[in-house]
Every structure is written in structure tokens, then in C-alpha cells.
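Chain by chain, the residues run as shown.
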Amino acid sequence: MKKILFAAIVSSLILTGCSAAQPTSNSNYSVNKITWETAGKLPAQKGYTENIGTAGVLNGVLEGKYIVVGGGANFPVKSPAEGGPKVTYSDVYVLVESNGKLDVVEHTNFPHEIGYGSSVTTNEGIYYIGGAPNAENNDDIWFLSMKDGKLNMEKIGDLPFTVENGKAVEKDGKLYIFTGKIAGQTSNEFYSYDIKTGKTEKLPDVPGEVRAQAIAQELNGNIYVFGGGNSKAFTDGYKYDFTTNQWTPVAPIQIDGKDISVLGGNSVKLNNEELMVIGGFNKQIWNDANHYLSTLKGKELDNYKANYFSTDPVDFNWNKEILIYNATTDTWRTIGEIPFDAPCGEGLVLVGDKVFSINGEIKPGVRTNRMYTCLLYTSPSPRDPKTS
């Protein structure tokens, strides 16, 4: 904790001359620096004495202030190398920020366990799509909202297929659902779901190889999807244009010519033209691990697993760069590194001028129970006429 707080203090000293708390929905302002603080821990799931952190969580924001996070999975008994069972949860927490900390104002339970579904925050509420350990609920669409000061969870429909580790966005009354494990297979399929009618329509597939655990947002009225992977990690990107009904390539995830994998990371929409990404598996280590875990046999496989799962988080070299993509300029940039272990499968939400990173996996089989607050600092964009 001391290391993180020290980094936050140092960063804040560097920020002299920057203006804070500009509305991030305004594309005339661009995030250029941030500071981090620890924001606490979640209470234990019902039936447990401690919350050791989860990955693959439902996450979103209601009424501009209530942060909702829930479900997800971990290994509470033994590590995967020791044959420990993966446990998925139904616990859902409603949080509010107070002086940089996250306070739990409600702890309830979903009707069933959830994890690795797609969360979509809208002005009306949060949609949660798929993401359940049982096939009966792995095609559900749920809608979460606040009602009389309490969290209201309502199932509003079913998809004609199961889906997990995919992505989704909402636009003009439709949910657009794509990539991930669809009907049991890693896929690049792309669908729309009409919220009012419940009709599902097949749309053109996302280009490139089939993938799961990508990142995606709606920017400038188009859908952008980046990275993800299957047995290999990808760094390519694509844009779906609603006017042409077509996908086209956009800038791959690169900084100074170096590919960066965001597979398993999460993103928030900063404004109409920018998204921010935190986390992601290392490309080479992901590729190597999938190769060896699928080709080694017997004692060699046992030895590899023992070494792999006992490796320290820092040696997995997961992405610590805080990445920002601008859809208007089709460019990537970094605004520094996170001062904590890089997460995958974390909850990541934006409330005003603060981003909250909640739990996530920090190495294969191991989660963090920490939550972090990130304060965004902005300055006028070079495209702002006021600066000319």
C-alpha cells in the first residue's frame, strides 16, 4: 500500500499546471495524467469468511454514482495446479465513492451464479448478457437498475445461443453482441438484439481470427473492437460502420512500434472519441503457455504446470501501460503505468472524473481483493479551437 500511495503522491506533484475534473464526455478535453489510491476491499461472499477477489465480474454504473460489481470466479480452496475447483459466485455489491474510498451500500445476490458475461452501462441501467456457469442461464439478458433506493435485477430476454467472454455495446435500443465463446465455440460472430422486440439478427462477422476476451466500445457512433485471443493473443483492431454495415481495420495496439496485448483487460469510454484500457495478458507468455499446456505430456506437463502457476505475478509481464485510443485520429498512446499488479478480468468503471479498478486476476489462478481509485486529469485537446 505504501508503494501505491507514494506513487500517487509523486504523480500529483508532477501534475502542476494541469486542470482537473473537466467533463470526460467532452471530446475537447483529453486525459493526460492520472493518480491512483487504494479504495478498499469487498466484503466476503455469503457463506465465506473472506473475499479473496474475483475475475470475470459484472460491472457498471447506475444513476451516475452507484457502482455495481458482482459475480466472477476464483479458486478459494487450492490453486489450479493442485486441482483446486473454480468457484463462481452470485454476490452483487452496490458501492458509492466517498473521499476516494468505495463504501458498500448494498450486498445482495443474483438468482444464480454469474461470471464472464458482457456488462453494458447505459443511461437507463446496466445490461448483463450471458455469463453463467450453467447452460440454462448462459443465454440470459438481465437489466439492472435502482428502484426505491435498492438494486433491481430483472431478466428481460434470452438469446438463441449461449455466450461468455464476449463483448457488447448498446446503441439506439439494440444490444450488439460479438466475439467470445458463442454456443460453446470461440467465435467472431456478430449479432444485434432488439431490446423491445427480443429479435436477434445476424450481422457481418468481425474480421480476423476467432477471439475471446477482447476489448470494445462505441466511439464516434461506430463499434471498435481490439485484441483478444484464442490459443494466441492478438493486437489487431476493427471498426464497424453502421452506415455501410461493414468492418474495416483500424490501428493495431502499438506503442513506439511495439505490440501490446490487452487480452483479458478491460476498458472504459472516456468520451465520444476515446477509450482507456487497463490490463492484459503478455502476448508471448500467453502464446507459449497455450502451446506447452496443450503439447507436453506426463511428467513434463506436471513440471511445467508447477513452475507456471508458482511464478510471481511480476514475471508474467502483464500489461501495466495505461492505454488510450482515439477514434478520430486512429492512434494509441500511453499515459504511464499502473502502480499495482496488472489485472485481467477486473471490473473497470468511470464515474465523473474517476476510474475504479475492482479485483481481477493478477496471475493465472490468483485474484486480487483490492480496489483502486484513479483520478483523471485533463487538458484542452489540440483539436479544440480555443487552443489555436
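Look above for the structure.
Residues numbered from 1 in each chain as written. Predicted model: local features only at pLDDT ≥ 70, side-chain atom pairs only at ≥ 80, totals over all residues. Heavy atoms only, no water.

1. A few points about the pattern of salt bridges
Which entries qualify depends on this criterion: One side-chain nitrogen of Lys or Arg within 4 Å of one carboxyl oxygen of Asp or Glu is enough to make a salt bridge. In DSSP terms, a helix is any run of H or I states spanning at least four residues, a strand is any run of E spanning at least two, and both are numbered starting from the N terminus. Partly exposed describes any residue whose relative accessible area lies between the buried limit of under 20% and the exposed limit of over 50%, with all areas from a 1.4 Å probe on protein chains only and scaled to the type maximum.
Per the stated rule, a full pass over the model turns up ten salt bridges. The residue D140 makes a salt bridge to K155 at a minimum N-O spacing of 3.2 Å. Here D140 is found in strand β10 (residues 140-147), whereas its partner K155 is found in strand β11 (residues 150-158), with 15 residues between them in sequence. On the accessibility criterion, D140 (1% relative accessible area) is buried. We note a salt bridge from R211 to D236, for which the minimum N-O separation is 2.7 Å. With R211 in the loop between β16 (200-203) and β17 (215-219) and D236 in the loop between β18 (222-226) and β19 (237-241), this residue pair connects regions lying 25 residues apart in the sequence. Shared partners join several salt bridges into a network, and the residues in it are D140, K155 and D158.

2. Here's the deal with the sheet that holds β10
Defined as follows: We treat two strands as partners when DSSP finds at least two bridges between them. Fitted lines through C-alpha atoms give the axes, limited to the stretch in contact for helices. The angle between two N-to-C directions lies from 0 to 180 degrees.
The four strands lie next to each other as β8-β9-β10-β11, forming an open sheet whose pairing is antiparallel. Sheet topology places β8 (118-121) and β11 at the edges, where each strand pairs with a single neighbour. Recorded for the sheet is a direction-independent mean angle of 20 degrees between the axes of neighbouring strands. The pairing of β10 with β11 spans eight bridges and is antiparallel. Each bridged residue has a counterpart across the sheet, and for W142 the counterpart in β11 is K155.

3. So, empty space enclosed by the protein
Stated formally: Cavities and pockets were defined on a 1 Å grid built from protein atoms only: a cavity is a group of points that admits a 1.4 Å probe but offers it no way out, a pocket is an open group of points flanked by protein on both sides within 12 Å along at least five of seven lines, and a lining residue is one with an atom within 4 Å of any such point. Grid points are joined across faces, edges and corners, and a volume is the space filled by probe spheres set on the points. Under the grouping applied here, Gly and all other residues not named as nonpolar or charged are polar, the nonpolar ones being Ala, Val, Leu, Ile, Met, Phe, Trp, Tyr, Cys and Pro and the charged ones Asp, Glu, Lys and Arg.
With the rule as written, the count across this model stands at one cavity of 30 Å³ or more. The computed volume of the largest cavity comes to approximately 50 Å³. The wall of the largest cavity is formed by L42, Q45, T54, V57, V69, G70, G71, Y89, D91 and Y93. When contributions to the lining of the largest cavity are tallied by element, the ones reaching two or more residues are β4 (66-70) and β6 (87-98). A total of three residues in the lining of the largest cavity trace back to one element, the largest contributor, which is β6. Residues belonging to the lining of the largest cavity are distributed by class as follows: five nonpolar, four polar and one charged.

4. Examining the layout of surface pockets
Estimates place the volume of the second largest pocket at around 460 Å³. In terms of lining, the second largest pocket is formed by 21 residues, of which the most central are N282, N317, W318, N319 and K320. Counting only elements with at least two residues in the lining of the second largest pocket, the list comes to β22 (258-259) and α2 (283-295). In terms of residue class, the lining of the second largest pocket is built from eight nonpolar, five polar and eight charged.

5. A look at the pairing of strand β14 (residues 174-182)
In terms of burial, β14 is largely enclosed, as seven of its nine residues are buried. In this structure, strand β12 (residues 163-164) lies alongside β14, joined through two bridges in antiparallel fashion. The residue of β14 that forms the bridge with V163 is I182. Where strand β13 (residues 167-171) folds back on β14, the antiparallel hairpin that results is connected by two residues, among which D172 adopts a positive phi of roughly 50 degrees. Pairing between β14 and strand β15 (residues 185-194): eight bridges, direction antiparallel.

6. Points about the side chain of D139
Cut-off, in case you're wondering: Residues scored as charged are limited to Lys and Arg (positive) and Asp and Glu (negative), so that His and the chain ends carry no count. Note on contacts: a residue pair is in contact if any heavy atoms of the two residues lie within 4.5 Å.
Note that D139 resides in the loop between β9 (126-129) and β10. There is no salt bridge for the buried D139, and the closest opposite charge comes from K155, which lies 5.4 Å off by N-O distance. Discounting chain neighbours no more than four positions away, the residues touching D139 are G157, D158, L159, F161 and T162.

7. Remarks on the pairing of β9
Alternating residues of β9 divide into I126 and Y128 and Y127 and I129, and every residue in both groups is buried. Pairing geometry for β8 and β9, over four bridges, is antiparallel. Its bridge partner lying in β9, T121 is registered against I126. Counting the residues that bridge the hairpin from β8 to β9 gives four residues. The sheet contact formed by β9 and β10 spans four bridges and is antiparallel. Looking at β10, one finds that Y128 is bridged to W142.

8. Concerning α2
Condition: Each helix should span, by expectation, one fewer than its residue count multiplied by 1.5 Å. The directions considered for the arc are those from the helix axis to the C-beta atoms. For this analysis, a polar contact is any N or O atom pair within 3.5 Å, provided that within protein one partner can donate a hydrogen and the other can accept it, and provided that sequence-adjacent residues contribute only side-chain to side-chain pairs.
Taking 1.5 Å as the rise per residue, α2 with 13 residues should run 18 Å; its terminal C-alpha atoms sit 18 Å apart, in good agreement. Turning to α2, its buried residues are W286, N287 and A289. For α2, the angular spread of the buried residues around the axis is 165 degrees, confining them to a single face. Backbone nitrogen of Q284 and a side-chain oxygen of the N-cap are separated by 3.1 Å at the start of α2; the cap is N282.

9. A word on the packing of aromatic side chains
Inclusion rule: A pair of aromatic rings is counted whenever rings of Phe, Tyr or Trp (Trp by its six-membered ring) have centres within 6.5 Å, and the orientation is called stacked for planes under 30 degrees apart, edge-to-face for over 60 and tilted otherwise.
All told, the structure shown has 27 aromatic pairs when counted by the stated rule. For the ring pair F281 and W318, a centre distance of 4.6 Å and an interplane angle of 80 degrees mean the geometry is edge-to-face. Taken together, the residues F281 in the loop between β24 (274-278) and α2 and W318 in the loop between α3 (298-310) and β25 (321-326) connect sequence positions 37 residues apart. For the pair F281 and W318, one class covers both residues: buried. Both rings, one in F340 and one in Y372, keep their centres 3.9 Å apart while their planes meet at 5 degrees; by these two values the pair is stacked. Highlighted residues: F340 in the loop between β26 (331-337) and β27 (347-351) and Y372 in strand β31 (residues 370-380), separated in sequence by 32 residues.

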